[in-house]
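# Residue-level structure breakdown
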Amino acid sequence: MTELSKEPETPPVAPPVKTGDETPLLLYAGIAIAALAGASVLGIVYFKRKKKHQ
(Lines give C-alpha, C1' and ligand atoms only; values in the text may rest on other atoms or scores of the structure.)
Protein backbone atom coordinates (compact mmCIF):
# COMPACT_ATOMS: atom_id res chain seq x y z
CA MET A 1 0.00 0.00 0.00
CA THR A 2 1.05 3.52 -0.62
CA GLU A 3 0.75 6.25 1.94
CA LEU A 4 -1.55 9.14 1.16
CA SER A 5 -0.33 12.57 2.09
CA LYS A 6 -2.59 14.47 4.43
CA GLU A 7 -2.28 17.76 2.50
CA PRO A 8 -3.62 17.93 -1.04
CA GLU A 9 -1.22 19.06 -3.74
CA THR A 10 -1.72 22.63 -4.85
CA PRO A 11 -1.24 23.57 -8.49
CA PRO A 12 1.58 25.99 -9.31
CA VAL A 13 0.60 29.63 -8.88
CA ALA A 14 0.65 31.79 -12.00
CA PRO A 15 1.88 35.40 -11.80
CA PRO A 16 -0.89 37.95 -11.21
CA VAL A 17 -2.61 39.32 -14.27
CA LYS A 18 -2.01 43.01 -15.00
CA THR A 19 -5.42 44.59 -15.43
CA GLY A 20 -4.88 48.24 -14.49
CA ASP A 21 -3.41 51.37 -15.94
CA GLU A 22 0.29 51.86 -15.23
CA THR A 23 0.34 55.64 -15.74
CA PRO A 24 2.84 57.31 -13.37
CA LEU A 25 0.35 59.56 -11.57
CA LEU A 26 2.87 60.97 -9.09
CA LEU A 27 5.04 62.20 -11.96
CA TYR A 28 2.15 64.07 -13.58
CA ALA A 29 0.95 65.42 -10.23
CA GLY A 30 4.47 66.72 -9.51
CA ILE A 31 4.67 68.41 -12.90
CA ALA A 32 1.26 70.03 -12.36
CA ILE A 33 2.23 71.28 -8.90
CA ALA A 34 5.53 72.67 -10.21
CA ALA A 35 3.73 74.44 -13.07
CA LEU A 36 1.17 75.91 -10.68
CA ALA A 37 3.90 77.11 -8.31
CA GLY A 38 5.83 78.66 -11.22
CA ALA A 39 2.74 80.42 -12.55
CA SER A 40 1.97 81.73 -9.05
CA VAL A 41 5.49 83.14 -8.64
CA LEU A 42 5.37 84.79 -12.06
CA GLY A 43 1.94 86.27 -11.30
CA ILE A 44 3.10 87.68 -7.96
CA VAL A 45 6.21 89.20 -9.53
CA TYR A 46 4.17 90.67 -12.39
CA PHE A 47 1.59 92.31 -10.14
CA LYS A 48 4.21 93.63 -7.70
CA ARG A 49 6.15 95.24 -10.55
CA LYS A 50 2.95 96.65 -12.05
CA LYS A 51 1.90 98.12 -8.69
CA LYS A 52 5.39 99.57 -8.08
CA HIS A 53 5.45 101.46 -11.41
CA GLN A 54 2.06 103.14 -10.88
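Higher on the page you've got the structure.
The following refers to the structure shown. (Residues numbered from 1 in each chain as written. Predicted model: local features only at pLDDT ≥ 70, side-chain atom pairs only at ≥ 80, totals over all residues. Heavy atoms only, no water.)

The number of helices and strands found in the chain is one helix and zero strands. Put simply, the chain has 54 residues, and 0% of those count as buried. (Helix = DSSP H or I, 4+ residues; strand = E, 2+ residues; numbered from the N terminus. Buried < 20%, exposed > 50% of the residue type's maximum accessible area, 1.4 Å probe, protein only.)

Moving on, we get to the pattern of salt bridges. Tallying each qualifying case throughout the model produces one salt bridge. Lysine 18 is the salt-bridge partner of glutamate 22, the closest N and O atoms lying 3.8 Å from each other. (Salt bridge = Lys/Arg side-chain N within 4 Å of Asp/Glu carboxyl O.)

Here the focus is the packing of aromatic side chains. According to the stated counting rule, one finds one aromatic pair in the structure shown. Note on tyrosine 46 and phenylalanine 47: the rings are 5.2 Å apart at their centroids and 75° apart in plane angle, and the pair reads as edge-to-face. (Phe/Tyr/Trp six-rings, centres within 6.5 Å; stacked < 30°, edge-to-face > 60°.)

What follows is about a nonpolar patch on the surface. Residues Leu27, Tyr28 and Ile31 make up a contiguous nonpolar surface patch of roughly 320 Å² in combined accessible area. For tyrosine 28, the location among the structural elements is in helix H1 (residues 25–52). Residue tyrosine 28 is classed as partly exposed on the basis of its relative accessible area of 48%. (Patch = residues over 30% accessible without salt bridge, like charges linked within 9 Å, V, L, I, M, F, W, Y side chains within 5 Å. Areas by Shrake-Rupley, 256 points an atom, 1.4 Å probe, with all protein chains shown as cover.)

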